[in-house]
Amino acid sequence: MLRTTEFGCSGYIQPVFKKAGRVEHMRTDRRLQSLLQTQRELMGKELWLYIGINTFDYLGSILSYVVIAIPIFSGVYGDLTPTELSSLVSKNAFVSIYLISCFSQLIDLSTTVSDVAGYTHRIGELQETLLNLSRQWKDHYLEAKTSWDLDKWGLDSSRSEEEMVPEDTAFLLERVTLAVPSSGKLLIKDLNLKISQGNNLLIVGNTGTGKTSFLRVLSGLWESTQGSVSMLTCFGPHGVVFLPQRPFFTDGTLREQVIYPLKEIYPLSGSADDERILRFLELAGLSDLLARTGGLDQQVDWNWYDILSPGEMQRLSFTRLFYLQPRYAVLDEATSALTEEVEHELYHTCIHLGMTLISVGHRTSLERFHSWILRLCGGGRWELTKNESTKCLLANKGC
Ligand SMILES: Nc1ncnc2c1ncn2[C@@H]1O[C@H](COP(=O)(O)OP(=O)(O)OP(=O)(O)O)[C@@H](O)[C@H]1O
């Protein structure tokens, strides 16, 4: 029986899947029929090829006797003794059969060659795409920007003084226009924005107005259509960490989930690291997870997506964020599965740990943690407003 995970469903989708059993059965059946139809067509074509090859093999050997029979019966070899004649017939049959076998091998070889050509073509295409991607990557991002140990952009002495950007700035956007790459739908037009330390930014707007796309541009996944986007800090604990809408988990122990994507620092980090992780698990409300896994380093054979509820997944991503403690945290609806109270606690901890937040969210309760609000209105329109009510709240680093 197929497990639900083989359909890409986590345990939390099972009830829906169970009720939709008949529909799924019909859809699977339809796909299977289409697969069988393709196989039938393929077999139909291959059948004629194999009939041709085998007929050539068998009839070819008979044909050699027919060919030699004509001169024998027409008297061309009338002066040969029966022994010489039989030797001639067998020699002729041997040569013919050898020739036919060589032809058969050539035909077999052509099938193999066409298979190899197909594979080579695919590998070639993959290589070409990878080359193009790496070329694009090199064109648009300095190698140093992707490094975790990047020196600050502001310290680059090759830049003139006018070009210098304050060290506490993470992103600088100049006249940025953004459209969906596949459809060209305009999302943001002519946006100027500087995201610097201590200025938390909340991005709001209706569904599909481009909030997540804007974060994609900040992270460098998408390019802006016009204008320039500069990321002036590095990815990682000393710079910026992105928390996506759907948390990402690797396979492995609880510690590996928390410290991801760091791996090498453990076990050098020692017991102080354990204490930090335990504290952050507690702050994120996940102390019970330790009992479920049997310890930080206990190997587990489950898929983390199957055993955690959506809310627990978001709490675990926050544990990771607390552990990495970056200067900037980009949160894409990172608390959508949690209650307002929990959201309040998690945001409070982030601010307390000194992070500058760039959040996407729909709840108005988020506004209190952000000093700037960028509202995307659709069709490229946007509004950037200062949220005065948070002044003392953020200054006190508490709510
Ligand atoms: N990978 C993609 N390929 C093509 N179009 C995309 C892709 N991702 C998003 N879009 C389109 O870009 C537009 C903006 O999507 P985006 O996810 O940024 O919206 P959003 O404001 O974050 O929405 P939501 O509030 O639902 O998360 C939508 O029309 C969407 O269909």
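Quick caveat: nothing in here was measured; it's all calculated off a predicted structure. Counting from 1, residues in each chain are numbered in the order their sequence is written. The predicted nature of this model means local features are confined to residues of pLDDT at least 70 and side-chain atom pairs, given and counted, to a pLDDT of 80 or more, with totals for whole chains, interfaces and linings taken over all residues. Heavy atoms throughout the structure, all of them, feed into the side-chain values; hydrogens and water do not.

### Describing the overall build of the chain
Under the scheme used here, helices are H or I runs from DSSP no shorter than 4 residues and strands are E runs no shorter than 2 residues, and both carry numbers assigned from the N terminus. Helix and strand counts for the chain come out as 12 helices and 9 strands. Expressed as a percentage of its 399 residues, the buried residues of the chain come to 35%. Working rule for contacts: check all heavy atoms of both residues, and any pair within 4.5 Å makes them a contact. A separation of at least 24 residues holds for 66% of the contacts in the chain among residues at least 6 apart in sequence. Entry remark: accessible area of the chain is about 24,500 Å², with carbon and sulfur atoms responsible for 58%. Throughout, exposure labels follow a simple rule: accessible area from a 1.4 Å probe, protein chains only, divided by the maximum for the residue type, with under 20% read as buried, over 50% as exposed, and the rest as partly exposed. Here, Shrake-Rupley sampling with a 1.4 Å probe gives the accessible areas, and only protein chains in the shown set may cover a residue.

### Topic: the sheet that holds strand β3 (residues 201-205)
Two strands qualify as a pair provided DSSP detects at least 2 bridges between them. Taken in spatial order, the 6 strands make up an open sheet running β5-β6-β7-β3-β8-β9, and their pairing is mixed. Sheet topology places β5 (240-243) and β9 (381-386) at the edges, where each strand pairs with a single neighbour. Within the sheet, the average angular offset between the axes of one strand and its neighbour, ignoring direction, is 15 degrees. The pairing of β3 with strand β7 (residues 356-360) spans 3 bridges and is classified as parallel. Of the residues in β7, the one forming a bridge with Leu202 is Ser359. Throughout, an axis means a line fitted to C-alpha atoms (over the contacting stretch in the case of helices), and angles, computed between N-to-C directions, take values from 0 to 180 degrees. Against the sheet, helix α5 (residues 211-219) makes contact with β3, β5, β6 (328-332), β7 and β8 (372-378), and its axis sits at roughly 140 degrees relative to β3, the strand it touches most.

### Notes on the packing of aromatic side chains
When the centres of two rings from Phe, Tyr and Trp lie within 6.5 Å, Trp using its six-membered ring, the rings pair. Their planes under 30 degrees apart give stacked, over 60 give edge-to-face, and anything left gives tilted. According to the stated counting rule, one finds 8 aromatic pairs in the structure shown. Considering the side-chain rings of Phe94 and Tyr98, the 6.3 Å spacing of their centres and the 15 degrees angle between planes classify their relative orientation as stacked. Here Tyr98 and Phe94 lie together in helix α3 (residues 82-140), a separation of 4 residues that amounts to about one turn. Considered together, Phe94 and Tyr98 belong to a single accessibility category, that of exposed residues. A network of ring pairs unites the aromatic residues Phe280, Phe318 and Phe322 as a single cluster. Looking at Arg246, its charged tip hangs above the ring of Tyr305, at a distance of 4.8 Å from the centre. Note on geometry: a ring has a charge over it if NZ (lysine) or CZ (arginine) is within 6 Å of the ring centre and within 35 degrees of the ring normal.

### Side note on the site of the ligand
The cutoff for a nearby residue is simple: one of its non-hydrogen atoms must lie within 4 Å of the molecule or strand. Taken together, 16 residues form the shell around the ligand, and within it Lys185, Gly208, Lys211, Thr212 and Ser213 come nearest. Each polar contact in these results corresponds to two N or O atoms within 3.5 Å; when the atoms are within protein, one needs to be able to donate a hydrogen and the other to accept it, and residues that are neighboring in sequence are counted only if both atoms are side-chain atoms. Lys211 has a polar side-chain atom sitting 2.8 Å from an oxygen atom of the ligand. At a separation of 3.2 Å, an oxygen atom of the ligand approaches a polar side-chain atom of His362. For the ligand, the protein covers 64% of the area, taking 640 Å² as the surface of the free molecule. Partitioning the shell around the ligand into residue classes produces 2 nonpolar, 10 polar and 4 charged. When residues are grouped by polarity, Ala, Val, Leu, Ile, Met, Phe, Trp, Tyr, Cys and Pro land in nonpolar, Asp, Glu, Lys and Arg in charged, and all others, Gly among them, in polar.

### Topic: the pattern of salt bridges
Counted as salt bridges are all cases of a side-chain nitrogen of Lys or Arg within 4 Å of a carboxyl oxygen of Asp or Glu. Tallied over the entire structure, the rule returns 6 salt bridges. Residues Arg292 and Glu312 are paired through a salt bridge, measuring 3.1 Å at the closest nitrogen-oxygen approach. Here Arg292 is found in helix α8 (residues 287-293), whereas its partner Glu312 is found in helix α10 (residues 310-324), with 20 residues between them in sequence. Since its relative accessible area comes to 37%, Arg292 is described here as partly exposed. With relative accessibility at 17%, the residue Glu312 sits in the buried group. The partner of Arg363 in a salt bridge is Glu343, with the nearest N and O atoms 2.8 Å apart. Placement of Arg363 in the loop between β7 and β8 and of Glu343 in helix α11 (residues 340-352) is noted, with a sequence separation of 20 residues between them. Among the residues examined, Arg363 registers a relative accessible area of 25% and is labelled partly exposed. Judged by its relative accessible area of 2%, Glu343 is buried. Residues joined by salt bridges that share partners form a network here, namely Arg175, Lys189 and Asp190.

### Observations regarding α5
Among the 9 residues of α5, 7 are classified as buried, and the element is accordingly described as predominantly covered. All of the buried residues in α5 are Lys211, Ser213, Phe214, Leu215, Val217, Leu218 and Ser219. Just past α5, the residue Gly220 takes up positive phi, approximately 90 degrees.

### Details of the sheet that holds strand β4 (residues 226-231)
Overall, antiparallel pairing links the 3 strands, which are arranged β2-β1-β4 in an open sheet. The strands lining the two open edges of the sheet, one partner per strand, are β2 (186-196) and β4. Between one strand axis and the next, the sheet turns through 15 degrees on average, direction left out of account. Across the face of the sheet, α5 comes into contact with β1 (169-179), β2 and β4 while running at roughly 125 degrees to β1.

### Here we look at the side chain of Arg320
Take Arg320: it is sitting in helix α10. For Arg320, which is buried and forms no salt bridge, the nearest opposite charge comes from Glu256, at a distance of 10 Å. Ignoring sequence-local partners within four residues, the contact set of Arg320 consists of Phe248, Phe249, Gln257, Val258 and Tyr260. Asp and Glu count as negative and Lys and Arg as positive, but His and the ends of the chain are not part of the count.

### Notes on the UniProt feature "transmembrane region" (unreviewed entry) in the chain
According to UniProt, the "transmembrane region" (unreviewed entry) feature falls on residues 47-73. From the first C-alpha to the last, residues 47-73 spans 38 Å; its make-up is 100% helix and 0% strand. UniProt positions are given in the numbering used here, feature names are shortened, and annotations may be inferred rather than shown by experiment.

### Topic: unusual backbone geometry
Between Tyr260 and the following residue, Pro261, the backbone shows a cis peptide bond with an omega angle of 10 degrees. Relative to the elements of secondary structure, Pro261 occurs in the loop between α6 (254-259) and α7 (270-283). The phi dihedral of Asp190 is positive, around 50 degrees, even though this residue is not glycine. For Asp190, the position within the fold is in strand β2. Its relative accessible area of 26% is what places Asp190 among the partly exposed residues. Despite not being glycine, Glu333 has its phi angle at roughly 45 degrees, a positive value. For Glu333, the position within the fold is in the loop between β6 and α11. Using a relative accessible area of 18% as the deciding quantity, one classes Glu333 as buried.

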